[in-house]
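Residue-level structural notes
Each chain is listed here by its residues.
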Amino acid sequence: MPTDTRRTATALAALLLTILAVTPARAADGPRGIGGPGGISAPASPAHPSSHAGPAHPSSDASPAHPSSHASPGQRIAHALRSSPVYVDEAYTDAVPPARQRQLADRIRRTGLPLKVVLTPLSKGDAFDGDSAVLAGTVRDRLPAQRELVLITTDGDFPDSLRGFEWPADKHQAREAVAATGFLDETRNAGLADLTAKAVDLVAEGRGEQRYAEATKNLRTSAPQAGKERSGGPDWWLLAAAPVALALTALAAHALLRSRRAAPAVPHLVFATARAADEAELRRRAEAEVLALGEAAHAADVTTTPGIQTALDTYAAAARILDEARGLPDLAGALALAREGQDALDDTPGLPLCFFDPRHGRATLRTPWRRLGHRDRLDVAVCRTCADALRDRRAPEVLTDRDEDGRPVPYFEMPPERSVWAATGYGSLMPVSAGFSRHRTANPTGEERQT
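Because the structure is a prediction, the values reported are computed rather than measured. (Residues numbered from 1 in each chain as written. Predicted model: local features only at pLDDT ≥ 70, side-chain atom pairs only at ≥ 80, totals over all residues. Heavy atoms only, no water.)

Regarding its fold elements, the chain presents 15 helices and nine strands. In the chain, which comprises 451 residues, the share counted as buried stands at 45%. The contacts of the chain with a sequence gap of at least 6 include a subset with a gap of at least 24, amounting to 62%. Summed over all atoms, the accessible surface of the chain reaches about 22900 Å², with 54% contributed by carbon and sulfur. (Helix = DSSP H or I, 4+ residues; strand = E, 2+ residues; numbered from the N terminus. Buried < 20%, exposed > 50% of the residue type's maximum accessible area, 1.4 Å probe, protein only. Contact = heavy atoms within 4.5 Å. Areas by Shrake-Rupley, 256 points an atom, 1.4 Å probe, with all protein chains shown as cover.)

Here's what the structure looks like:
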């Protein structure tokens, strides 16, 4: 880049940084609980549980006794939810006493919705790694017979908040409905019991998006007004920064055209960072599932559990895959193996995880599907979202792998002799454990396993 151009760009960049430095931070004006990956949370004011609270377990009439002293937290919660739609950990019994738990259960039953509530402390390093999404996913997987599920849980990021989840689609707008409860005047100083009751009512209305928009309307309009009062004019910093940004963009384009050096691969860096974040999240989820399977299998009674050996073998395979995992496809495989092992242990065979992307959760139906450029039709298990996409002739979201040239391709396009996941379809084409066993026999060193 010529010296004059470089100097001009440096000066303009310094000016832009100066303008942005004196601009008040808008993030601090935002409502607590909004933002961050994985949804919107709603602030509340329950009694704060101790950070050293023991494992979650049922309390009061709303939650029955433990199914087993060795059961995982996810199993205990799911077991409790089979007899009552409300689960409250003992750490929250002061905020939601037994009488309120029974009122909440009656309130939920009157809605007629497949709605359940899980109120349990979440912190990093626990069975759900402090992540409400992992908690929700674990509970859902432990209730395979319930195809439709609306779940209200405590929030891992904000202990005084709630989050809403719904499967297979956001039919009742549960996410927005639960989030809206924290921004209503009537719940401003509400405790956890009252906030949860209001969340149930808003979910039952089915107008969560509208409710959330109304509840946060003043929050969205207050920031520009505050900026006007501070600056004496409407968004003066945007007016000043815009031409500077345009000038910098023009200079960058000019330098790009004149330079013979290749441009830095910024998009590749962005995608690589996003993929790494996906892997970290999936690894946490897979580790929790595999650990829960191992605990349940070792605690099971050999004489009364026909699938105990299958569960133990599947656990060993999942643990091995987890240790050797090199990317998303392997981590998804560990998740699929854990699900298969749990089904064998519970003696409740069900559909495997979604063929197109196991991260979608357990499939809800099987459907014929033909790959592009192939004549043969496959009978694959898919989640409701992917089934809807196929029905509407849209491409479903697909888990990708990398071919020999490093290009991302749908995992099922990999050669089946090199990829156990392509060979098994994560359980749609054959049991994952059987495919893993065959693949290890054919490739005992594991060198040919494509990940």
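To continue, consider the pattern of salt bridges. One pass over the full model with this rule turns up 24 salt bridges. What you see here is one network of salt bridges that share partners, running through R142, E289, R339, D343 and R362. (Salt bridge = Lys/Arg side-chain N within 4 Å of Asp/Glu carboxyl O.)

What follows covers helix α6 (residues 192–205). For α6, spanning 14 residues, the distance from its first C-alpha to its last is 20 Å, which sits close to the expected 20 Å at 1.5 Å a residue. Looking at the residues trailing α6, positive phi occurs at G206, about 75 degrees. (Expected span 1.5 Å × (residues − 1).)

Counted according to the given criterion, the structure contains 12 aromatic pairs. An angle of 55 degrees between the planes, with centres 5.5 Å apart, marks the rings of F355 and W369 as tilted. With a gap of 14 residues between them, F355 in the loop between α12 (328–346) and β6 (365–370) and W369 in strand β6 connect regions that are remote in the sequence. As far as the burial class goes, F355 and W369 line up, both buried. Each ring, one from Y411 and one from Y426, has its centre 4.8 Å from the other, and the planes form 65 degrees; the classification is edge-to-face. (Phe/Tyr/Trp six-rings, centres within 6.5 Å; stacked < 30°, edge-to-face > 60°.)

The next thing to look at is the packing of helix α3 (residues 98–111) against α6. Where α3 meets α6, the axes come as close as 10 Å, and the angle between the chain directions of the two elements is 0 degrees. By the angle class used here, α3 and α6 are roughly parallel. Where α3 approaches α6, its residues R100, L104, R107, I108 and T111 are matched on the opposing element by A193, D194, T196, A197, V200, D201 and A204. Class assignment for the residues of the contact of α3 with α6 results in six nonpolar, two polar and four charged. (Axes fitted to C-alpha atoms, helices over the stretch in contact; angles between N-to-C directions. Parallel < 35°, antiparallel > 145°, perpendicular 65-115°, else oblique. Nonpolar A, V, L, I, M, F, W, Y, C, P; charged D, E, K, R; others polar.)

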